[in-house]
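# Analysis of the macromolecular model
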Amino acid sequence: MDVHEYQAKELLASFGVAVPKGAIAFSPDQAVYAATELGGSFWAVKAQIHAGARGKAGGIKLCRTYNEVRDAAKDLLGKRLVTHQTGPEGKPVQRVYVETADPFERELYLGYVLDRKAERVRVIASQRGGMDIEEIAANEPDALIQVVVEPAVGLQQFQAREIAFQLGLNIKQVSAAVKTIMNAYRAFRDCDGTMLEINPLVVTKDDRVLALDAKMSFDDNAMFRRPGIADMHDPSQGDPREAQAAEHNLSYIGLEGEIGCIVNGAGLAMATMDMIKHAGGEPANFLDVGGGASPERVATAFRLVLSDRNVKAILVNIFAGINRCDWVAEGVVQAAREVKIDVPLVVRLAGTNVEAGKKILAESGLDLITADTLSEAAKKAVDACATAKTQH
């Protein structure tokens, strides 16, 4: 789960990380009011989306007057901001963050990531702040400072000092940087973070160290114990189909292909997608309906898949272990009658009560394409998709 910059900064500030003063605004007038409340004479108006590289895309505007603040907010609010991280469809800007733009001397990079291969938290820092970490790693790999945290003891003060000194800071700045590095680690650890990126981490003329930007991602599976963070979720930043799927406890991820998939079990869903690729097709989605493939859940799954206009065929692949094929078949038949399906439908059932399930499908009167094996089902789905494309 991702959060907006201002939400990440609120969390960091609650753990003692220094951040510039700022306020959220949902309209140009609110942006001006925020600037007057913050004081000063120089502000940054930042589009709030779940993506980086906003500055390069025109999503951050520096303003010296209230009129400039109003114009910047008016220009950003309501548009779709396209960066190299959002893809061509962009992300909707529904709020802006107005922040005091204090002058600074240096830009640094500080990040924390859950390294799944090492099963450790990895701290990454660099003197090359303001750049994408991928760009730093590609062009100047030696500029990366990396520390792997031992989970039994956590990040230690001496490790934070080593990072600070390698960043080329003076004694006063090292003290502030150590505090920032340690407190940011606590925020990452105590909030079940999977990624925290402060880019840039800036050093001011009076030796303060500030998190000028912040991105945080969290472990979805831990949000049951972090209700405050779970409430920060902004559904508008994701695929609306994924939000709808989450409401029905379905796992859905939209892809770029033309064959919609409805499968029970994440492993089987991935295998189904692989077989579609192997047969020469492209899956349109990952969709796991889970163990209880009731008619209601299957109907919802059909609606989700069919909401993608690129879908030219649907492959239903169910392996009934906890479930029963006859129950699933009844669900597929009922759902197919409730939802108008205007593309070829391939169904493959295997497992408990498979013969009874196949009988229900055969006697349903629906225009179904059945298959006995996954490879056969994938090939039939690819062929049906190709036929549907030629007919259109």
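Just so it is clear, the model here is predicted, and its values are computed rather than measured. (Residues numbered from 1 in each chain as written. Predicted model: local features only at pLDDT ≥ 70, side-chain atom pairs only at ≥ 80, totals over all residues. Heavy atoms only, no water.)

### Notes on the overall build of the chain
Along its length, the chain carries 13 helices and 18 strands. Dimensions of the chain, computed from the C-alpha atoms along their principal axes, are close to 80 × 50 × 40 Å. When each of the 392 residues of the chain is scored for burial, the buried share is 50%. Here the analysis covers contacts within the chain between residues at least 6 apart in sequence; of these, 68% occur between residues at least 24 apart. Summed over its atoms, the accessible surface of the chain is roughly 18,600 Å², and 51% of this surface lies on carbon and sulfur atoms. If you average the places of the 44 positive and of the 52 negative side-chain charges in the chain, the two averages end up 2 Å apart. (Helix = DSSP H or I, 4+ residues; strand = E, 2+ residues; numbered from the N terminus. Buried < 20%, exposed > 50% of the residue type's maximum accessible area, 1.4 Å probe, protein only. Contact = heavy atoms within 4.5 Å. Areas by Shrake-Rupley, 256 points an atom, 1.4 Å probe, with all protein chains shown as cover. Lys, Arg positive; Asp, Glu negative; His and termini not counted. Charge placed at Lys NZ, Arg CZ, Asp CG, Glu CD.)

### Description of the UniProt feature "binding site: ATP" (unreviewed entry) in the chain
Cross-referencing UniProt, the feature "binding site: ATP" (unreviewed entry) maps to Lys 46, Glu 99, Asp 102 and Glu 107 in the present numbering. Mapping Lys 46 onto the fold places it in strand 2 (residues 43-47). Not counting chain neighbours up to four residues away, the residues in contact with Lys 46 comprise Glu 5, Lys 9, Arg 54, Gly 59, Ile 60, Leu 76, Arg 95, Val 96, Tyr 97, Glu 99 and Leu 212. Among the secondary structure elements, Asp 102 is positioned in the loop between strand 6 (96-100) and strand 7 (106-115). (UniProt positions renumbered as here; feature names shortened; annotations may be inferred.)

### A short note on the nonpolar core
Ranked by size, the top nonpolar core spans 44 residues in total, and within it Tyr 112 and Phe 218 carry the most contacts. With 9 residues, helix 6 (residues 171-190) is the largest single contributor of residues to this core. Apart from the residues within four sequence positions on either side, Phe 218 is in contact with Met 1, Val 3, Leu 11, Cys 191, Asp 192, Gly 193, Thr 194, Met 223 and Ile 229. Grouped together as the second largest cluster of nonpolar side chains are 32 residues, Leu 304, Val 311, Val 333 and Leu 361 included. (Core = buried A, V, L, I, M, F, W, Y, C linked by side-chain atoms within 4.5 Å.)

### Concerning the pattern of salt bridges
This model, assessed by the stated rule, comprises 21 salt bridges. The partner of Glu 99 in a salt bridge is Lys 9, and the shortest N-O contact between them spans 2.4 Å. Within this pair, whereas Glu 99 is found in strand 6, its partner Lys 9 is found in helix 1 (residues 5-14), the two being separated by 90 residues in sequence. Judged by relative accessible area, Glu 99 falls into the buried class, the value being 1%. Arg 120 serves as the salt-bridge partner of Glu 150, at 3.9 Å between the closest nitrogen and oxygen. Here Arg 120 lies in strand 8 (residues 120-126) and Glu 150 lies in the loop between strand 9 (144-149) and helix 5 (157-166), a separation of 30 residues in the sequence. Glu 150 gets classed as partly exposed once you look at its relative accessible area, which sits at 37%. When its relative accessible area of 27% is taken as the criterion, Arg 120 is described as partly exposed. Several salt bridges share partner residues, and in doing so they unite Glu 5, Lys 9, Lys 46, Arg 54, Glu 99 and Asp 213 into one network. (Salt bridge = Lys/Arg side-chain N within 4 Å of Asp/Glu carboxyl O.)

### Details of the packing of helix 5 against helix 6
At a closest axis distance of 9 Å, the pairing of helix 5 and helix 6 adopts a crossing angle of 130°. With respect to helix 6, the axis of helix 5 lies oblique. In the packing of helix 5 onto helix 6, the handedness of the crossing is right-handed. For the pair helix 5 and helix 6, contact is made by Gln 157, Ala 160, Arg 161, Ile 163, Ala 164 and Phe 165 and by Ile 171, Val 174, Ala 177, Val 178, Ile 181 and Met 182, respectively. In terms of residue class, the contact of helix 5 with helix 6 is made up of 10 nonpolar, 1 polar and 1 charged. (Axes fitted to C-alpha atoms, helices over the stretch in contact; angles between N-to-C directions. Parallel < 35°, antiparallel > 145°, perpendicular 65-115°, else oblique. Left-handed = near helix turned anticlockwise from the far one by under 90°. Nonpolar A, V, L, I, M, F, W, Y, C, P; charged D, E, K, R; others polar.)

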